There are 2 protein chains.
Amino acid sequence: MKVPKAIQNLIESFERLPGIGPKTAQRLTFYLLHVPQEELDHFSQSVQGLKRGTLICSSCFTVGETDPCQICSDPTRDSSIICVVEQPLDVMALEKNGKYTGLYHVLHGKIDPLNNIGPDEIFIKQLIERIRNNELGIREIILATNPTMEGEATAMYIAKKLGEFKMQPFDSAQGKNSKCKISRIGRGLPVGADIEYADEVTLQRAMEGRSDYS
Amino acid sequence: MKVPKAIQNLIESFERLPGIGPKTAQRLTFYLLHVPQEELDHFSQSVQGLKRGTLICSSCFTVGETDPCQICSDPTRDSSIICVVEQPLDVMALEKNGKYTGLYHVLHGKIDPLNNIGPDEIFIKQLIERIRNNELGIREIILATNPTMEGEATAMYIAKKLGEFKMQPFDSAQGKNSKCKISRIGRGLPVGADIEYADEVTLQRAMEGRSDYS
């Protein structure tokens, strides 16, 4: 039996999504056959309008409805701290608790040579430009790429590239305010973890990243 | 940070699909942000055209491009056997090896009282009508609902409803051709299974369904 073209088309569209295999694609498609046409229309419009209804912020490159984005255009936020993340979703995760009040910079990826993604494919150059052009002075750059092999490599690369802006121990004594601190997001045991089951590298990071007991 | 409306819309649309939670919906949506607009348009059209490009066969209720469907309108198929399945996907699975040459009847569901689906919500009445109206005579009805609790209950209900058409041991001797055989799809150990790990019910079914060694 030939699968109807309309069904085959949608199965193929679903299959292109990450983490969705042929079986799931089939299941989703046949589920949608039982859904009212209005809901299909709504879904269809959401897909079509996804990119038309969003803008990439020209300053921090996150995804928003305006340019500059809501965060970059908020005067109450501390523009002297920039948190560098891989994806717009990371911004949302960090914004959830609302504790961080600085700005962001979204790289839209990580350096990943195995997938042919080099430093020029992600927004690293724009980050350096942004720091160079910032006349108000940036105090700190937090490298918050994921603690994976690629994320660590990306953080390392950026830290090296930002060497010229990095504050040396003697700088603050000399009153040089044009330099900034470069930090890496804390790595260690997540809340609720069990030391017994933690992997070696996480444990090592947790020991290295220990802080004064207050 | 407020999530852009366009993104929120698509996340919500994805979340409505079965087996897709909030995290997966987010991941899929942000993946689509990196996809060219033409591909989004194609996806969007596939969703919108899904039901417009398909028809439910008025005879067997499977999903196809024509009415009657490709199977029902095929003169080479044996119209004296009807295989009753729950979903159009089951038809495709059974058609894959091409060994079955009879017709189908798709119920579009199963009797599932916990989800408020009774016998009238699925195409059981239409199956009975179809058998009653069939003047050529149906020789066999294969109940191929899933071997789950609901599928078994559905098969049992249909078998009971079809009682009037059921061939009794003495019917064939009397030359009554208007009656038919009602069978249930074989249940037992699937190919590649391990008796050691099979559950009790499957083992019991496998013993009950044993056949002569040929």
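Position numbers for residues start from 1 in each chain and track the written sequence from start to end. Following the order in which they are written, the chains are lettered starting with A and the ligands numbered starting with 1. Given that the model is predicted, a residue must reach a pLDDT of at least 70 before its local features are reported, and side-chain atom pairs must reach 80 or more before they are shown or counted; all residues, however, enter totals for whole chains, interfaces and linings. Side-chain numbers come from the whole structure's heavy atoms, not from hydrogens or water.

1. Describing the interface of chain B and chain A
Contacts are residue-level and defined by heavy atoms, with any inter-residue pair within 4.5 Å sufficient. Taken together, the 56 residues of chain B in the interface contact 56 residues of chain A. Here chain B meets chain A over a buried area of about 5,400 Å², counting both sides, of which 67% is carbon and sulfur. Throughout this description, the term salt bridge denotes a Lys or Arg side-chain nitrogen within 4 Å of a carboxyl oxygen of Asp or Glu. For the pair chain B and chain A, the number of links is 2 salt bridges. Notably, a salt bridge pairs Asp-41 of chain B with Arg-52 of chain A, separated by 3.7 Å at the nearest N-O pair. Polar contact is defined as a pair of N or O atoms within 3.5 Å, subject to the rule that within protein one atom must be able to donate a hydrogen and the other to accept it, and that residues adjacent in sequence are counted only when both atoms are side-chain atoms. Remark: the boundary between chain B and chain A carries 8 residue pairs in polar contact (both at pLDDT 80 or more). Helix and strand labels come from DSSP, where a helix needs a run of H or I of at least four residues and a strand needs a run of E of at least two; each type is numbered from the N terminus. Listed by contribution, the elements that provide at least two residues to the side of chain B that touches chain A are helix 1 (5–15), helix 2 (22–32), helix 3 (37–49), strand 2 (63–64) and helix 4 (88–95) of chain B. Considering each element in turn, the side of chain B that touches chain A owes the most residues, 11 residues, to helix 3 of chain B. Residues that form the side of chain B that touches chain A fall into these classes: 27 nonpolar, 18 polar and 11 charged. By definition, the buried area sums, over both parts, the 1.4 Å-probe accessible area that each loses when the two are put together. The classification used treats Ala, Val, Leu, Ile, Met, Phe, Trp, Tyr, Cys and Pro as nonpolar, Asp, Glu, Lys and Arg as charged, and all other residues, Gly among them, as polar.

2. Re the sheet that holds strand 5 (residues 140–143) of chain A
All names here are of chain A. Between any two strands, at least two bridges found by DSSP are needed for them to pair. With parallel pairing, 4 strands are arranged side by side in an open sheet as 4-3-5-6. Across the chains shown, the open sheet's two edge strands, defined by having one partner strand only, are strand 4 (102–106) and strand 6 (181–184). Across the sheet, the mean angle separating the axes of adjacent strands is 25° when strand polarity is ignored. Bridging between strand 3 (residues 78–85) and strand 4 involves 5 bridges; their strand directions are parallel. Counterpart to Ile-82 in the pairing with strand 4 is Leu-103. To get an axis, fit a line to the C-alpha atoms, keeping to the stretch in contact for a helix; angles then go from 0 to 180 degrees between the N-to-C directions. Contacts between helix 4 (residues 88–95) and the sheet are confined to strand 3 and strand 4, with strand 4 contributing the most and set at about 155° to the helix. Packed onto the sheet, helix 6 (residues 149–161) meets strand 3, strand 5 and strand 6 and runs at close to 175° relative to strand 6.

3. Topic: the relation of the copies chain B and chain A
The copies were overlaid by least squares, fitting only the C-alpha atoms of residues that reach a pLDDT of 70 or more in each copy. Placing chain B over chain A gives an RMSD of 0.1 Å and needs a rotation angle of 180°, together with 0.0 Å of translation along the axis. Taken together, the rotation angle and the small translation identify this as a two-fold axis. No C-alpha of chain B approaches the rotation axis more nearly than that of Ser-44 of chain B, which lies at 2.2 Å. Both copies contact each other with a shared surface, as 98% of the interface residues of chain B are interface residues in chain A too.

4. Digging into the confidence of the model for chain A
What pLDDT conveys is the predictor's confidence in a given residue, as a value from 0 to 100. Residues at a pLDDT of 70 or more form 94% of chain A, whose mean pLDDT is 88. Note on the complex model: pTM 0.77, ipTM 0.79.

5. Quick look at the sheet that holds strand 3 (residues 78–85) of chain B
Residues and elements named next belong to chain B. Ordered by their spatial adjacency, 4 strands build an open sheet running 4-3-5-6, and the pairing between neighbours is parallel. With one partner strand each, in any of the chains shown, strand 4 (102–106) and strand 6 (181–184) form the two edges of the open sheet. When the angles between neighbouring strand axes are averaged without regard to direction, this sheet yields 25°. Packing of helix 4 onto the sheet brings it into contact with strand 3 and strand 4, and relative to strand 4 it is tilted by some 155°. Packed on one face of the sheet, helix 5 (residues 124–133) meets strand 3, strand 4 and strand 5 (140–143) and runs near 145° to strand 4.

6. As for the nonpolar core
What makes a nonpolar core is a set of buried Ala, Val, Leu, Ile, Met, Phe, Trp, Tyr and Cys residues whose side-chain atoms join them at distances within 4.5 Å. Relative accessibility under 20% of the residue-type maximum defines a buried residue, over 50% an exposed one, and the middle range a partly exposed one, all with a 1.4 Å probe and only protein chains included. Of all hydrophobic cores here, the largest spans 36 residues; its most connected members are Phe-14, Leu-32 and Phe-43 of chain A together with Phe-14, Leu-32 and Phe-43 of chain B. Contributions of two or more residues to this core are made by helix 1 (5–15), helix 2 (22–32) and helix 3 (37–49) of chain A together with helix 1, helix 2 and helix 3 of chain B. Contact partners of Phe-14 of chain A, with chain neighbours within four places excluded, come to Ile-20, Ala-25, Leu-28, Thr-29, Leu-32 and Phe-43 of chain A together with Phe-14, Leu-17 and Phe-43 of chain B.

7. Let's talk about the pattern of salt bridges
Two side chains of opposite charge can pair, provided their charged atoms sit close to one another. Residues and elements named next belong to chain A. Enumeration according to the criterion identifies 18 salt bridges over all chains in this entry. The partner of Arg-139 in a salt bridge is Asp-78, with the nearest N and O atoms 3.0 Å apart. Of this pair, Arg-139 sits in the loop between helix 5 (124–133) and strand 5 while Asp-78 sits in strand 3, and the two are 61 residues apart along the sequence. Of the residues examined, Arg-139 reaches a relative accessible area of 49% and is grouped as partly exposed. Given the relative accessible area of 24%, Asp-78 is considered partly exposed.

8. A short note on the pairing of strand 4 of chain B
Where burial is concerned, most of strand 4 of chain B is hidden: 5 out of the 5 residues are buried. Think of it like this: strands point away, you trace from the first strand over the helix to the second, and a clockwise trace means the crossover is right-handed. For the handedness criterion, the β-α-β arrangement of strand 3 of chain B, helix 4 of chain B and strand 4 of chain B is classed as right-handed.

9. Notes on the packing of aromatic side chains
Any two rings among Phe, Tyr and Trp, with Trp reduced to its six-membered ring, count as a pair given centres within 6.5 Å; such a pair is stacked if its planes are under 30 degrees apart, edge-to-face if over 60, and tilted if neither. All told, the structure shown has 7 aromatic pairs over all chains when counted by the stated rule. Aromatic rings pair up to connect Phe-14 and Phe-43 of chain A together with Phe-14 and Phe-43 of chain B into one cluster.

10. Quick word on the pairing of strand 5 of chain B
All names here are of chain B. In strand 5, alternate side chains face the same way, and those of Glu-140 and Ile-142 on one face and Ile-141 and Leu-143 on the other are all buried. Pairing of strand 3 with strand 5, which is carried by 4 bridges, proceeds in the parallel orientation. The residue bridging Ile-82 from the neighbouring strand is Ile-141, located in strand 5. Across 4 bridges, the pairing between strand 5 and strand 6 is parallel. Within the sheet, the bridge partner assigned to Ile-142 lies in strand 6 and is Ser-183.

11. Quick look at unusual backbone geometry
Residue and element names in this part refer to chain A. With an omega dihedral of 0°, the bond running from Asp-67 to Pro-68 counts as a cis peptide bond. Summarising the element assignment, Pro-68 is placed in the loop between strand 2 (63–64) and strand 3. A positive phi angle, near 60°, is found at His-108, a position not held by glycine. For His-108, the location among the structural elements is in the loop between strand 4 and helix 5. Using a relative accessible area of 13% as the deciding quantity, one classes His-108 as buried.

12. Description of the packing of helix 3 of chain A against helix 3 of chain B
Between helix 3 of chain A and helix 3 of chain B, the shortest axis-to-axis distance is 8 Å and the interhelical angle comes to 180°. If you check the angle between helix 3 of chain A and helix 3 of chain B, you find them roughly antiparallel. Contacts between helix 3 of chain A and helix 3 of chain B pair Gln-37, Leu-40, Asp-41, Phe-43, Ser-44, Val-47 and Gln-48 of chain A from the former with Gln-37, Leu-40, Asp-41, Phe-43, Ser-44, Val-47 and Gln-48 of chain B from the latter. Looking at the contact of helix 3 of chain A with helix 3 of chain B, its residues break down into 6 nonpolar, 6 polar and 2 charged. The labels follow the angle: roughly parallel below 35 degrees, roughly antiparallel above 145, roughly perpendicular from 65 to 115, and oblique for the rest.

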